[in-house]
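Coordinate inspection notes
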Amino acid sequence: RSRRQRQMCIRDRRQPVHALSLFTDILASRAQQGDARPQDVLHVAQRQQTVLASLNRLLDGLLDVSRMDAHLLRIERRPVSLDALFDEIRQDFEPQAQAQGLRLAVLPTPLVLETDPTLLRRILHNLLSNALSYTPRGGVLLCARPRAGGALIQVWDTGAVSYTHLTLPTTPYV
């Protein structure tokens, strides 16, 4: 792996830690002001639990990457509700989008795919992380459209990368 790929991987893994820090800061601020109502504390604690679950998935992803490098990763296909997966991903990235003043839109979808949910989640996390990182204003959209035999999953953003500066991959993602 290149140095740039390792740096991007580390940055992607820091996102949930940053979100957890934001939620902890909110809770601490309200407690210091004497304005920490039980329902507020519960809401922030639930968000922290969501972020911790996301962090756990990311750490599992790191283990999967090492398994892929050693050719030990098994792909486990099963029916995956894109709507449920998209909702989890929205919860993972909403704090980052809000902190950056960006709008994160995730369109509901009834689609169910036969795929490996862990690998699909990792791909979508990477795409959304990059979209949010390179979008200075506006927003990011995650959506899916039915296609023959599957779905077209799209991440759109209002980022500033010019198409003339894109380097297209020459090898397929496996």
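Residues numbered from 1 in each chain as written. Predicted model: local features only at pLDDT ≥ 70, side-chain atom pairs only at ≥ 80, totals over all residues. Heavy atoms only, no water.

1. Section: the overall build of the chain
Short version of the rule: A run of H or I in DSSP becomes a helix once it reaches four residues, and a run of E becomes a strand once it reaches two; helices and strands are each numbered from the N terminus. Accessible area is worked out with a 1.4 Å probe on protein chains only. A residue is then buried under 20% of its type maximum, exposed over 50%, and partly exposed in between. Note on areas: these come from Shrake-Rupley sampling with a 1.4 Å probe, and a residue is covered only by the protein chains present in the view.
Tallying secondary structure elements over the chain gives four helices and five strands in all. In sequence order, the chain lays out its α and β elements as α-α-β-α-β-β-α-β-β. For the chain, buried positions account for 32% of its 174 residues. By element, 56% of the accessible surface of the chain is carried by carbon and sulfur atoms, the whole surface being about 11,400 Å².

2. Some details on the pattern of salt bridges
Put simply, the test is: Salt bridges are defined as contacts in which a side-chain nitrogen from Lys or Arg sits within 4 Å of a carboxyl oxygen from Asp or Glu.
Counted under the stated rule, the structure contains three salt bridges. For arginine 90, the salt bridge is made with glutamate 94, and the minimal N-O distance between the two is 3.0 Å. In this pair, arginine 90 and glutamate 94 both sit in helix α3 (residues 82-99), four residues apart, roughly one turn of the helix. Since its relative accessible area comes to 18%, glutamate 94 is described here as buried. If you follow the salt bridges from partner to partner, you end up with Asp87, Arg90 and Glu94 in one network.

3. Side note on the packing of α3 against helix α4 (residues 117-133)
Here is the rule: Note on method: axes are straight lines fitted to C-alpha atoms, helices fitted across the in-contact stretch only, with angles between N-to-C directions ranging 0 to 180 degrees. The handedness criterion is simple: a crossing whose near helix is rotated anticlockwise from the far helix by less than a right angle is left-handed, and one whose near helix is rotated clockwise is right-handed. Contact between two residues is taken to exist if any of their heavy atoms lie within 4.5 Å; hydrogens are not considered. Each residue gets one of three labels, nonpolar for Ala, Val, Leu, Ile, Met, Phe, Trp, Tyr, Cys and Pro, charged for Asp, Glu, Lys and Arg, and polar for the others, Gly among them.
The geometry of α3 relative to α4 is characterised by a closest axis approach of 11 Å and an angle of 35° between their N-to-C directions. Crossing of α3 over α4 shows right-handed handedness. Seen from α3, the contacting residues are Leu82, Leu85, Phe86, Glu88, Ile89, Asp92, Phe93, Gln96 and Ala97; seen from α4, they are Leu120, Arg121, Leu124, His125, Leu128, Ser129, Leu132 and Ser133. Classifying every residue of the contact of α3 with α4 gives 10 nonpolar, four polar and three charged.

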